[in-house]
Amino acid sequence: MNSQNILLVGNPNCGKTTLFNHLTGLNQKTGNFSGVTVEKKTGNFKVANSEIKITDLPGSYGLGGVAEDKKIAYEVLLERNPEDKVLYVLDSLNLERGLQFLLQIMDMGVAILVVLTMKDVLEKKQILIDTKKLEKTFGLNFLLINTKSGDGIQTIKQYIGDPGSFKKNNRLWSWDKKEEIFFNHAKQKLNIKSNETEFFLSQSLKYLNNDPHLNEERYLEYFPNETKEWLKEKLSKNSFRFFYEEEIIRRSIFIKQIITSSVLLPKNPTSNWERKLDAVLLHPIFGFFVFFGIMALLFQSLFNFAELPMEFIESGIELLQNSIGNYLDNGPLKSLLIEGMIGGVGSVIVFIPQIALLFLFIGILEETGYLARVSFLMDKIMGKFGLSGKSFIPLLSSAACAVPAILGTRTIENKSDRLTTIMVSPLIMCSARYPVYILIVGTVFSFSPIFGFINVQGFVLFCMFLIGLVFSFLFALLFRRTVFKETASYFVVELPRYMLPSLRSLFQTVYEKIKSFLATAGQIILYISIVLWFLSNFPANTEKNHWQPSSIEKSYIGQIGKTIEPVIRPMGFDWKIGISILTSFAAREVMVSTLAVLYGSDENEESENLRSTLRKDSYEDGTPVWTPLVGLSLLVFFAFASQCMSTLAVTKKETGSIVWPLLQFFYMTLLAIFSSLCIFQVGSLLGFN
């Protein structure tokens with residue numbers, strides 16, 4: 001069977017990833033490009049007698065760039081294998097910008113097949129694109145498809161299966177007259193006949209002309225010494241304009257001529273409703289009301305819509321525990337499987353509906369085009385805290401998980417902006433905190449709905465989100481005034497068109513996120529649950545051939561908890577809360593299963609038994625352990641503490657230094673301890689305990 005390696009290339013927001021999902025389905029995986037931290041997606045599919053491997057490169061507006069994810073597309077294309085081909089995705093409504101990038105890739109001598117997206121939008125706007133004229137002009141195949149519905153995917157697969165569908169062509173645009181004459185003269189003198197060598201010549205001329213966008217000598221090193229000297233001599237004696245900006249201008253002139261003859265606009269265009277909608281969503285006052293209203297709706301929906309599927313999962317876990325328990329005799333093995341492993345992992349699985357809703361919601365915001373508008377809206381406010389609007393998307397992504405949010409900072413060119421965003425991203429409330437918040441709120445803030453329909457738990461979650469957002473801005477300002485004093489970068493964003501989300505793409509995104517969550521957090525929970533089970537049951541005795549575990553106070557974990565209790569009592573925490581805090585430093589979700597084990601319950605946080613047990617717990621003098629003041633102190637502690645090993649690991653990976661994750665851990669932990677201590681002590685003095 002033949003095999004092909006295809007690189008999927010295009011501008012951001014052109015439908016590239018949606019096409020990738022259509023072509024590969026679930027047969028895809030995520031990894032890193034060799035030697036760098038930028039993620040890549042690869043997938044496989046079969047066409048006729050060919051095995052196709054396709055790699056989705058990061059979206060880019062052109063070759064090169066400062067941001068790591070922009071440079072990687074250029075490097076992969078530059079170091080490709082000779083037989084590699086490019087499937088270029090071109091946004092039909094942004095032809096000029098997309099054709100700029102296409103011409104750059106053509107100059108590299110790559111075999112290309114072009115896919116035009118947004119077919120459905122073209123039809124709605126009554127815009128006609130003459131693909132035959134484009135094919136004749138560029139010497140490439142152009143296919144018009146609808147990535148959202150999948151219309152045209154089978155045709156693309158047929159073209160991909162035929163290696164002849166990918167074509168090369170010579171450079172189509174020309175330098176200004178003086179430069180073009182010299183360029184052709186240099187090609188003849190140096191006997192340059194291939195597109196690849198011609199590309200290296202143009203890059204070398206820009207380098208010798210001291211182009212500020214090209215400071216690498218590697219292109220010039222491709223030529224022998226006598227050629228280098230000849231080129232240097234010619235450029236020193238003549239004032240040639242071989243610059244990147246000049247190249248863009250010359251290509252733009254060529255592209256405008258092509259678009260004029262290939263695109264037919266309607267005589268009576270429809271009214272631009274997008275501008276009217278932007279007038280509200282980007283309004284300096286109403287825009288913020290809309291954004292915070294959407295976020296409040298999100299947190300309400302996490303409780304209202306996830307309740308039934310969570311109950312279904314709980315019933316399934318209970319059924320599994322009972323089924324296994326019926327086949328095993330009482331003893332350490334049965335206790336380990338049911339209480340330790342299934343109970344521990346089950347306490348994480350039960351949150352899948354809420355986490356899936358969160359990822360779905362963020363995916364909808366991104367695919368509709370609203371997320372980019374929020375970053376534009378927030379730019380002015382973030383500028384007052386030393387950041388640009390480009391940092392807001394990673395910060396908002398932290399509401400799902402800080403790890404992909406930190407990875408998302410790769411799009412930030414300014415180093416100080418990027419490091420500051422990395423350092424404050426974990427302050428935003430993430431999905432791992434939800435189990436803890438739900439348990440605490442359900443235990444100490446069990447009130448009736450406000451006005452009969454506003455869920456109190458959802459309202460508290462929204463307040464915790466606001467606290468995280470505000471403190472992330474405050475610490476961003478602190479970092480920019482002290483550690484990262486470099487001038488903030490300018491923020492330029494292209495507002496994408498409003499689009500209906502692709503259900504297939506959303507499903508694919510949620511599926512990948514949930515799978516990643518279970519593979520990482522699930523493993524940590526399993527290992528820690530096993531350790532917790534051992535520490536809470538041993539030392540054990542055997543009486544009359546019956547296994548008798550130790551009481552929780554006399555167990556190993558009870559002894560540890562009693563030792564640390566004097567240190568944490570000023571924050572309002574007893575030894576059981578202290579143990580749950582210690583175990584949650586590996587993963588925040590572990591706190592729920594830890595408390596369930598310590599209180600002798602294998603129920604999850606939604607169970608009324610566990611919450612009732614927590615409410616009834618008291619000290620020796622009869623004072624309740626769980627009060628609203630203790631709950632508030634614990635909520636604030638978890639809002640600020642750096643209790644995520646994965647976040648610290650990815651911070652080290654992205655910054656390339658152990659200094660930044662250590663600083664991140666210590667400043668967040670100290671902030672958590674100080675805030676919790678102040679809340680409990682001040683509250684106690686005011687009589688709220």
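Before reading on, note that the structure itself is shown above.
These figures come from a predicted structure and were not determined experimentally.

### What about the nonpolar core?
Here comes step 1: Judged by nonpolar contacts, the single largest core of 78 residues is most densely connected at Phe299, Phe465, Phe573, Trp626 and Leu634.
Here comes step 2: Of the residues forming this core, the biggest block, eleven residues, is contributed by helix H21 (residues 456-482).
Here comes step 3: Apart from the residues within four sequence positions on either side, Trp626 is in contact with Ile440, Thr443, Val444, Ile577, Met591, Leu595, Tyr599, Leu614, Asp617 and Leu634.
Here comes step 4: In this structure, Leu78, Phe142, Leu214 and Ile258 belong to the second largest nonpolar core, which totals 55 residues.

### Some details on the layout of surface pockets
Over the atoms rolls a probe the size of a water molecule, and in doing so it shows where empty space is left.
Here comes step 1: Estimated volume of the second largest pocket: approximately 510 Å³.
Here comes step 2: If you go around the second largest pocket, you meet 20 residues; those closest to its centre are Val121, Lys125, Trp273, Glu274 and Arg497.
Here comes step 3: Of all elements in the fold, only helix H4 (119-125) and helix H11 (273-281) reach the threshold of two or more residues within the lining of the second largest pocket.
Here comes step 4: Looking at the lining of the second largest pocket, its residues break down into eight nonpolar, three polar and nine charged.

### Looking at the pairing of strand E5 (residues 85-91)
Here comes step 1: With seven of its seven residues buried, E5 lies for the most part within the structure.
Here comes step 2: Where burial is concerned, the two faces of E5 agree: the one with Lys85, Leu87, Val89 and Asp91 and the one with Val86, Tyr88 and Leu90 are both buried.
Here comes step 3: Sheet topology places strand E1 (residues 2-10) next to E5; five bridges connect them, and they run parallel. Bridge assignment links Ile6 to a residue of E5, and that residue is Lys85.
Here comes step 4: Pairing of E5 with strand E6 (residues 111-117) involves seven bridges; the strand directions are parallel. Directly across from Leu90, in E6, lies its bridge partner Leu116.
Here comes step 5: Each parallel crossover has a hand, and for E5 linked through helix H3 (residues 95-107) to E6 it is right-handed.

### A word on unusual backbone geometry
Here comes step 1: Not every positive phi belongs to a glycine, and Met118 is a case in point at roughly 70°.
Here comes step 2: Along the chain, Met118 turns up in the loop between E6 and H4.
Here comes step 3: Phi angles above zero are rare outside glycine, and Asn210 is one such case at about 60°.
Here comes step 4: Considering the arrangement of structural elements, one finds Asn210 in the loop between helix H8 (195-208) and helix H9 (225-237).

### Some details on the packing of aromatic side chains
Here comes step 1: Tallied over the entire structure, the rule returns 22 aromatic pairs.
Here comes step 2: A ring pair is formed by Phe479 and Tyr667, whose centres lie 5.3 Å apart and whose planes are at 80°; its orientation type is edge-to-face. With Phe479 in helix H21 and Tyr667 in helix H29 (residues 659-685), this pair connects stretches of sequence that are 188 residues apart. Across the pair, Tyr667 and Phe479 agree in class, each one buried.
Here comes step 3: Ring geometry for Phe507 against Tyr511: centres 6.2 Å apart, planes inclined by 20°, an arrangement best described as stacked. Highlighted residues: Phe507 and Tyr511, both in helix H22 (residues 503-537), separated by four residues, approximately one helical turn.
Here comes step 4: Feature note: the residues Trp173, Trp175, Phe182, Trp230, Phe240 and Phe242 constitute an aromatic cluster, connected by ring pairs.
Here comes step 5: Positioned over the ring face of Trp173 is Arg251, at 5.6 Å from the centre of the ring.
Here comes step 6: Over the ring of Tyr619 we find Arg569; its NZ or CZ atom is 4.2 Å from the centre of that ring.

### Some points on the packing of helix H24 (residues 575-583) against helix H25 (residues 590-598)
Here comes step 1: Relative to each other, H24 and H25 sit at 145°, their axes nearing to 8 Å. Crossing geometry of H24 relative to H25 is assigned as right-handed. Contacts between H24 and H25 pair Trp575, Lys576, Ile579, Ser580 and Thr583 from the former with Val590, Met591, Thr594, Leu595 and Leu598 from the latter.
Here comes step 2: Tallied by class, residues from the contact of H24 with H25 come to six nonpolar, three polar and one charged.

### With respect to helix H27 (residues 628-640)
Here comes step 1: Given a rise of 1.5 Å per residue, 13 residues ought to cover 18 Å, and the 19 Å separating the end C-alpha atoms of H27 matches this to within 8%.
Here comes step 2: Those residues of H27 that sit buried are Leu629, Val630, Gly631, Ser633, Leu634, Leu635, Val636, Phe637, Phe638, Ala639 and Phe640.

### Description of the packing of H27 against H29
Helix-helix packing: each pair is described by the crossing angle between the helix axes and the interaxial distance.
Here comes step 1: At a minimum axis distance of 8 Å, the contact between H27 and H29 shows a crossing angle of 165°. The angle between H27 and H29 falls in the class roughly antiparallel. Relative to H29, H27 is oriented so that their crossing is right-handed. On H29, the residues that touch Leu629, Val630, Leu632, Ser633, Val636, Phe637 and Phe640 of H27 are Met668, Leu671, Ala672, Ile673, Ser675, Ser676, Ile679, Phe680, Gly683 and Ser684.
Here comes step 2: For the contact of H27 with H29, the class distribution of residues is twelve nonpolar, five polar and no charged.

### What about a nonpolar patch on the surface?
Here comes step 1: On the surface, a nonpolar cluster with roughly 490 Å² of combined accessible area is contributed by Ile658, Val659, Leu662, Phe666 and Leu670.
Here comes step 2: Along the chain, Leu670 falls in helix H29.
Here comes step 3: According to the relative accessible area criterion, Leu670 is exposed, its value standing at 56%.

### Quick notes on the environment of Ile581
Here comes step 1: With respect to the secondary-structure elements, Ile581 resides in helix H24.
Here comes step 2: The exposure class of Ile581 is buried, given its relative accessible area of 8%.
Here comes step 3: For the pair Ile581 and Phe637, spaced 56 residues apart in sequence, the C-alpha to C-alpha distance is 9.4 Å.
Here comes step 4: Beyond its immediate chain neighbours, meaning those up to four positions away, Ile581 contacts Phe573, Leu634, Phe637, Phe638 and Gln643.

### Some points on the side chain of Asp211
Here comes step 1: Tracing the sequence through the fold places Asp211 in the loop between H8 and H9.
Here comes step 2: Buried charge Asp211 goes without a salt bridge, the closest partner of opposite sign being Lys206 at 5.6 Å.
Here comes step 3: A distance of 2.6 Å separates a polar side-chain atom of Asp211 from the backbone nitrogen of Tyr244.
Here comes step 4: Excluding anything up to four places from it in sequence, Asp211 contacts Lys206, Phe242, Phe243, Tyr244 and Glu245.

What counts, and where the lines are drawn
- Residues numbered from 1 in each chain as written.
- Predicted model: local features only at pLDDT ≥ 70, side-chain atom pairs only at ≥ 80, totals over all residues.
- Heavy atoms only, no water.
- Core = buried A, V, L, I, M, F, W, Y, C linked by side-chain atoms within 4.5 Å.
- Buried < 20%, exposed > 50% of the residue type's maximum accessible area, 1.4 Å probe, protein only.
- Helix = DSSP H or I, 4+ residues; strand = E, 2+ residues; numbered from the N terminus.
- Contact = heavy atoms within 4.5 Å.
- 1 Å grid on protein atoms, 1.4 Å probe; cavity = no way out; pocket = protein on both sides within 12 Å on 5 of 7 lines; lining within 4 Å.
- Points joined across faces, edges and corners; volume = space filled by probe spheres on them.
- Nonpolar A, V, L, I, M, F, W, Y, C, P; charged D, E, K, R; others polar.
- Pairing = 2+ DSSP bridges.
- Right-handed = clockwise from strand over helix to strand, strands pointing away.
- Phe/Tyr/Trp six-rings, centres within 6.5 Å; stacked < 30°, edge-to-face > 60°.
- Lys NZ or Arg CZ within 6 Å of the ring centre and 35° of its normal.
- Axes fitted to C-alpha atoms, helices over the stretch in contact; angles between N-to-C directions.
- Left-handed = near helix turned anticlockwise from the far one by under 90°.
- Expected span 1.5 Å × (residues − 1).
- Parallel < 35°, antiparallel > 145°, perpendicular 65-115°, else oblique.
- Patch = residues over 30% accessible without salt bridge, like charges linked within 9 Å, V, L, I, M, F, W, Y side chains within 5 Å.
- Areas by Shrake-Rupley, 256 points an atom, 1.4 Å probe, with all protein chains shown as cover.
- Salt bridge = Lys/Arg side-chain N within 4 Å of Asp/Glu carboxyl O.
- Lys, Arg positive; Asp, Glu negative; His and termini not counted.
- Polar contact = N/O pair within 3.5 Å; in protein donor to acceptor, adjacent residues only side chain to side chain.

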